[in-house]
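Structure at a glance
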Amino acid sequence: MDFALSEEQQAFRDTARDFAQQEMAPNAAHWDENSVFPVDTLRQAAALGFAGIYVGEEFGGSGLGRLDAALIFEELSAACPSTAAYISIHNMASWMIDRFGNAEQRERFLPGLTSMERFASYCLTEPGAGSDAASLRTRAERDGDHYVLNGSKAFISGGGTSDVYVCMVRTGEPGPKGISCIVVEKGTPGLSFGKQEHKLGWKSQPTSAVIFENCRVPVANRIGEEGEGFRIAMKGLDGGRLNIAACSVGGARFCLEQAIAYTTERKQFGKPLNAFQALQFKLADMATELDAARLMLHRAAASLDAGSPEATAHCAMAKRFATDAGFQVVNEALQLHGGYGYIKEYPIERIFRDLRVHQILEGTNEIMRVIIARHLTGG
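Residues numbered from 1 in each chain as written. Predicted model: local features only at pLDDT ≥ 70, side-chain atom pairs only at ≥ 80, totals over all residues. Heavy atoms only, no water.

Here we come to the overall build of the chain. When helices and strands are tallied, the chain shows eleven helices and ten strands. Taken over C-alpha atoms, the radius of gyration comes to 21 Å for the chain, in line with the 21 Å a tight globule of 379 residues would show. By principal-axis analysis of the C-alpha atoms, the chain measures approximately 80 × 45 × 40 Å. A buried classification covers 54% of the 379 residues belonging to the chain. Long-range contacts, defined here as pairs at least 24 residues apart, represent 74% of the contacts in the chain between residues at least 6 apart. As displayed, the chain offers around 16,200 Å² of accessible surface, 52% of which is attributable to carbon and sulfur atoms. (Helix = DSSP H or I, 4+ residues; strand = E, 2+ residues; numbered from the N terminus. Rg over C-alpha atoms; globule rule 2.2 N^0.38 Å. Buried < 20%, exposed > 50% of the residue type's maximum accessible area, 1.4 Å probe, protein only. Contact = heavy atoms within 4.5 Å. Areas by Shrake-Rupley, 256 points an atom, 1.4 Å probe, with all protein chains shown as cover.)

Put into structure tokens, the structure is as follows:
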């Protein structure tokens, strides 16, 4: 095993770090406080290749792998996990079109997505179908050259703002084999959106329900064949889980760095806080958990890049461990800051709020345990 990064990986990691520190970090608190979707900054990220990380270069993508993406998202999320997570979701939707779409669809959608001239959302979750995604009920009935969609999706990042919605809909029988993948474009008659959700964190990205009422979508917008949607959705989630894990690692790394700096400067009982062995042990444990999470994440990313049969289980393990460990590191960092960690003048509380949802989305951590257990037992 070689744990060293290539020169190319070091270069785009450093590019992501510089961009995050110069363009994202100074604005992250404002975006959070005022629920700003930072369109201009997102398009600057796209100009660096971060909107089509694993889309082919033919359509403006970077043509990179999953390990490369993990490095990028760790750096972006060290500045703003909420914005980094939206970039991840946009990448997931773009990758689905690139990986499973036909030549016409790729040419039609991808250039606008890799430049972020158009924004994308991924639509799987429904009000009655969260962890049990195969029970989704949004229906798409064939009517000549169109599908007529009825139903709704819940908690959609980019809802109401995105231009392209990659949707999982039911075209056939109950269960996973009856699900297809269809791209619905903003402005399509019958497409509407619910209220903007008021969330604990992730405030730099809009979130709403996506509603279909006799929404007519061309059959030409179907990605893959009928019945392939659930497989496409799950393939997308493997990569999405890695990115969310990377966002947890990046946010937690930032908070650990803040905790080290604070406990070095802050004095109590005549000594810096980090001169007390109890706090030294806490910092040591935080760093160890974070490093373990990063190693597990990179192993899973390499596994997915290699097409390993273990990849889905590795991704579930990495997502479960990194999001739990990341949130715990941030929680400990907040504790080490005392009352200062709880006020908005310090960034810890923002990262705390942003990282909490990582244990829920892209499959809850309870569902990650189910995936891992099924892999172990053959269930």
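Time to look at the pairing of strand S2 (residues 139-143). Across five bridges, the pairing between S2 and strand S3 (residues 146-157) is antiparallel. Bridge pairing in S3 places arginine 142 opposite tyrosine 147. Counting the residues in the hairpin turn of S2 and S3 gives two residues, including glycine 144, whose phi is positive at 65°. (Pairing = 2+ DSSP bridges.)

Looking at the chain, the domain boundaries give domain 1 (7-119), domain 2 (121-226) and domain 3 (230-377). Relative to domain 3, the C-alpha centre of domain 2 lies at a distance of 30 Å. Each side of the interface is counted separately: domain 2 has 14 residues, and domain 3 has 14 residues. Buried area between domain 2 and domain 3, both sides added, is near 1,100 Å², and the carbon and sulfur share of it is 73%. Ranking the residues of domain 2 by area buried against domain 3 places Ser131, Leu200 and Trp202 at the top, with a combined share of 47%. For the pair domain 2 and domain 3, the interface holds four residue pairs in polar contact (both at pLDDT 80 or more). (Domains from an automatic or database assignment. Buried area = accessible area lost by both parts, 1.4 Å probe. Polar contact = N/O pair within 3.5 Å; in protein donor to acceptor, adjacent residues only side chain to side chain.)

This structure, assessed with the given rule, holds 24 salt bridges. For the salt bridge of glutamate 349 with arginine 353, the shortest nitrogen-to-oxygen distance reads 2.8 Å. One end of the pair, glutamate 349, and the other, arginine 353, are both in helix H10 (residues 348-356), four residues apart, so they sit about a helical turn from each other. The pair formed by glutamate 349 and arginine 353 is uniform in burial state, with each residue classed as buried. (Salt bridge = Lys/Arg side-chain N within 4 Å of Asp/Glu carboxyl O.)

Turning our attention to the layout of surface pockets. Here the largest pocket defines a volume of roughly 1,300 Å³. Forming the walls of the largest pocket are 41 residues, and the residues nearest its centre are Thr125, Ile360, Leu361, Glu362 and Gly363. Elements with a contribution of two residues or more to the lining of the largest pocket: helix H5 (81-100), S3, helix H7 (229-265), H10 and helix H11 (365-377). Of the residues in the lining of the largest pocket, the class split is 20 nonpolar, ten polar and eleven charged. Of the domains in this structure, domain 2 (121-226) and domain 3 (230-377) are the two that each give at least three residues to the lining of the largest pocket. (1 Å grid on protein atoms, 1.4 Å probe; cavity = no way out; pocket = protein on both sides within 12 Å on 5 of 7 lines; lining within 4 Å. Points joined across faces, edges and corners; volume = space filled by probe spheres on them. Nonpolar A, V, L, I, M, F, W, Y, C, P; charged D, E, K, R; others polar.)

What follows concerns the packing of helix H4 (residues 66-77) against helix H8 (residues 277-305). One way to put it is that H4 packs onto H8 with a least axis distance of 7 Å and a crossing angle of 145°. Contact residues: Arg66, Leu67, Ala70, Leu71 and Glu74 in H4; Arg294, Leu297, His298, Ala301, Leu304 and Asp305 in H8. (Axes fitted to C-alpha atoms, helices over the stretch in contact; angles between N-to-C directions.)

As annotated by UniProt and renumbered to match this structure, "active site" (unreviewed entry) occupies Glu362. Of note, glutamate 362 is situated in the loop between H10 and H11. With sequence-adjacent residues up to four places away left out, glutamate 362 is seen in contact with Ile89, Met92, Leu237, Gly240, Arg241, Ile244, Lys319 and Met368. (UniProt positions renumbered as here; feature names shortened; annotations may be inferred.)

With that settled, the discussion passes to a nonpolar patch on the surface. A grouping of Met1, Phe3 and Leu295 is seen on the molecular surface, where their side chains present a nonpolar patch of about 440 Å² in accessible area. Turning to its location among the elements, methionine 1 is positioned in the segment before helix H1 (7-24). On the basis of relative accessibility, which here comes to 94%, the residue methionine 1 falls in the exposed class. (Patch = residues over 30% accessible without salt bridge, like charges linked within 9 Å, V, L, I, M, F, W, Y side chains within 5 Å.)

A separate point is the environment of leucine 5. For leucine 5, the location among the structural elements is in the segment before H1. Each C-alpha atom, one on leucine 5 and one on serine 62, is 18 Å from the other, the two residues being 57 residues apart in sequence.

We now examine unusual backbone geometry. A positive phi is found at serine 35, a non-glycine position, where the angle reads about 50°. Within the secondary structure, serine 35 sits in the loop between helix H2 (28-34) and helix H3 (39-47). One non-glycine residue, glutamate 362, lies in positive phi territory at about 60°.

Ranked by size, the top nonpolar core spans 99 residues in total, and within it Leu76, Ile97, Tyr122, Val166 and Met168 carry the most contacts. It is H7 that contributes the most residues to this core, 16 residues altogether. Setting aside chain neighbours within four positions, we find leucine 76 in contact with Ala16, Phe19, Ala20, Met24, Phe50, Ala84 and Ile87. (Core = buried A, V, L, I, M, F, W, Y, C linked by side-chain atoms within 4.5 Å.)

Of all seven residues in strand S5 (residues 179-185), six are buried, a share of seventy percent or more. In terms of strand pairing, strand S4 (residues 164-170) meets S5 through seven bridges, oriented antiparallel. Within S5, the position partnered with valine 164 by the bridge is glutamate 185. One ladder, built from two bridges, connects S5 with strand S8 (residues 222-223); its direction is antiparallel. Within the sheet, the bridge partner assigned to cysteine 181 lies in S8 and is isoleucine 223.

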